[in-house]
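So you can see what is in the structure, the chains are spelled out below.
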Amino acid sequence: MIKSLHCLSLYVPNLEVGKDFYSCMGLTPHSEKQSYVFRCEGKNQDQLRLIQGKKKEIAWVTWSTNLEGLNRIKDNLRTHQIKPHDPKHESQFCTSSPNDIWLRDPDGTLLQIIVANTAEQIRTAVKLNHPGDVFKRVGIRGAPNRQVDSRPRKLGHILKFTPDVNRLVDFYTTILGMKLSDRIGEKELAFLRCSGDSDHHTLALALSDAVGLHHSSWEMGNLDQMQLCAQRLIDAGYQDCWGVGRHIYGSNYFHYIRDPWGGLCELFWDIDFIGEHSEWTVEVADAHGSSLHENLFQWATSLPPDDFLRNFEKVSHVT
Ligand SMILES: [Fe+2]
């Protein structure tokens, strides 16, 4: 039923600090109802909302579906006796339709389900030369300068810490119709995608002793744009974390930068895309010992830092 990851809303302890970070990343902010809302270049859709809070944590996650999907989710809530959430508090910060579904997942993370289409993206072709192939760029210098446009194209996925990966896999597949793409370990990491055509994962779940956001992930137009965006953030004083590299599960190139509160933003390019009718077999990789870290990447310029899977955003509302 869930068709797309629509928007991520976060509480942050300092709105201006958050605005500076995400603006430097290349998102375009505007003020709305006591919050900052951000959009991606060429995409007519709110993708990120920052709300003043005591600490950084997920406020809610907005997923989109169609009307049929919305009704099926409502049926599932009735069948499984899941009570909807009253968005009285959240309505101070966003416009909510009476048709929207608000509910909490088994961790207590708040979800908003809306009927919406994903806004179209403007994509530009990348002109790459391959020796021995037909040259696509002749008599033109290829290396882009740092002024070239390197802003994210869309919010691709989030990775959430949870004390019980399998309880959430069950919830998101059974109640919201998402699909399991791959796993690392039987209970350590799971990658879920939307129903229909979807990136390899729009929601990933990692085992922790508490709920939290590990990273939000932002799609770039090509490898140069990904690295230029990372370079811009590093040059501005934000902390580099890990990259460049290529993941195994999802296959995407990645570069992780720490946000001002120790959490992560991933810049990515070239993720696996799974069609609604693609034949896809779930792989379960080994997570024992060093295998967990080894299965995070196919190659990278360095090993993942020791604190890569540390939960910097432990929250206390586990139900
Ligand atoms: Fe990711």
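Small disclaimer: the values here were computed from a predicted structure and weren't measured.

Novice: Can you walk me through empty space enclosed by the protein in this structure?
Specialist: The gaps of empty space that remain are located by a probe, the size of a water molecule, rolled over the atoms. Taken as a whole, this structure holds 2 cavities of 30 Å³ or more when the rule is applied. Taken as a whole, the largest cavity spans an internal volume of roughly 160 Å³. Taken together, 19 residues line the largest cavity, and the ones lying closest to its centre are Leu159, Phe191, His247, Tyr256 and Leu296. For the lining of the largest cavity, the secondary structure elements donating two or more residues are β8 (154-162), β10 (189-193) and β13 (212-219). Across the lining of the largest cavity, the residue classes break down as 11 nonpolar, 7 polar and 1 charged. Lining the second largest cavity, in full, are Phe161, Leu213, His214, Arg258, Gly262, Gly263, Leu264, Asp307, Phe308, Arg310 and Phe312. Tallied by class, residues from the lining of the second largest cavity come to 5 nonpolar, 3 polar and 3 charged.

Novice: What is the right way to read the pattern of salt bridges from this model?
Specialist: Two side chains that carry opposite charge are able to pair once their charged atoms sit near each other. Applying the stated rule across the entire model yields 12 salt bridges. When the shortest N-O distance is used, the salt bridge between Asp259 and Lys56 registers 2.4 Å. Of the two residues, Asp259 sits in the loop between β15 (253-258) and β16 (264-269) while Lys56 sits in the loop between β4 (46-52) and β5 (57-65), which places them 203 residues apart along the sequence. The shortest N-O distance in the salt bridge between Lys154 and Asp199 comes to 2.9 Å. Placement of the pair is Lys154 in strand β8 and Asp199 in strand β11 (residues 198-199), with a sequence separation of 45 residues. For Lys154, a relative accessible area of 15% puts it in the buried group. Asp199 gets classed as buried once you look at its relative accessible area, which sits at 7%. Each of Asp105, Asp107, Lys160 and Arg167 takes part in a single network of salt bridges with overlapping partners.

Novice: Got a minute to help me understand helix α4 (residues 223-235) in this structure?
Specialist: The terminal C-alpha atoms of α4 lie 18 Å apart, and with 13 residues this matches the ideal 18 Å at 1.5 Å per residue to within 8%. If you check which residues of α4 are buried, you get Gln225, Met226, Leu228, Cys229, Ala230 and Leu233. Along its buried surface, α4 packs onto α1 (15-25), β14 (240-246), β15 and β16. Where α4 begins, the side chain of Asn222 points an oxygen toward the backbone nitrogen of Asp224, at a separation of 3.0 Å. Within two residues after α4, Gly237 carries a phi angle of roughly 105°, on the positive side.

Novice: Would you take a moment to explain the coordination of the iron ion for this structure?
Specialist: A metal bound by six donors in octahedral fashion has ideal angles of 90 or 180 degrees, whereas one bound by four tetrahedral donors has an ideal angle of 109.5 degrees. For the iron ion, every protein donor is listed as His157 (NE2), His215 (NE2) and Glu266 (OE), and the spread of their distances is 2.1 to 2.2 Å. In terms of primary sequence, the donors binding the iron ion are separated according to H-x57-H-x50-E. Here His157, found in strand β8, pairs with His215, found in strand β13; they are 58 residues apart in sequence, far enough to count as distant.

Novice: Got a minute to help me understand helix α3 (residues 165-174) in this structure?
Specialist: Owing to its 3.6 residues per turn, the α-helix aligns residues three or four sequence positions apart on the same side. Buried within α3 we find Val165, Leu168, Val169, Phe171 and Tyr172. Burial along α3 is one-sided: seen end-on, the buried residues are contained in an arc of 165°. Buried-residue contacts for α3 involve β6 (101-104), β7 (110-115), β8, β9 (179-184), β10 and β12 (203-207). Where α3 begins, one side-chain oxygen reaches toward the backbone nitrogen of Asn166, 3.3 Å away; that side chain belongs to Asp164.

Rules of the game
- Residues numbered from 1 in each chain as written.
- Predicted model: local features only at pLDDT ≥ 70, side-chain atom pairs only at ≥ 80, totals over all residues.
- Heavy atoms only, no water.
- 1 Å grid on protein atoms, 1.4 Å probe; cavity = no way out; pocket = protein on both sides within 12 Å on 5 of 7 lines; lining within 4 Å.
- Points joined across faces, edges and corners; volume = space filled by probe spheres on them.
- Helix = DSSP H or I, 4+ residues; strand = E, 2+ residues; numbered from the N terminus.
- Nonpolar A, V, L, I, M, F, W, Y, C, P; charged D, E, K, R; others polar.
- Salt bridge = Lys/Arg side-chain N within 4 Å of Asp/Glu carboxyl O.
- Buried < 20%, exposed > 50% of the residue type's maximum accessible area, 1.4 Å probe, protein only.
- Expected span 1.5 Å × (residues − 1).
- Contact = heavy atoms within 4.5 Å.
- Polar contact = N/O pair within 3.5 Å; in protein donor to acceptor, adjacent residues only side chain to side chain.
- Donors = N, O, S within 2.8 Å, 3.2 Å for Na, K, Ca; no water.
- Arc of directions from axis to C-beta.

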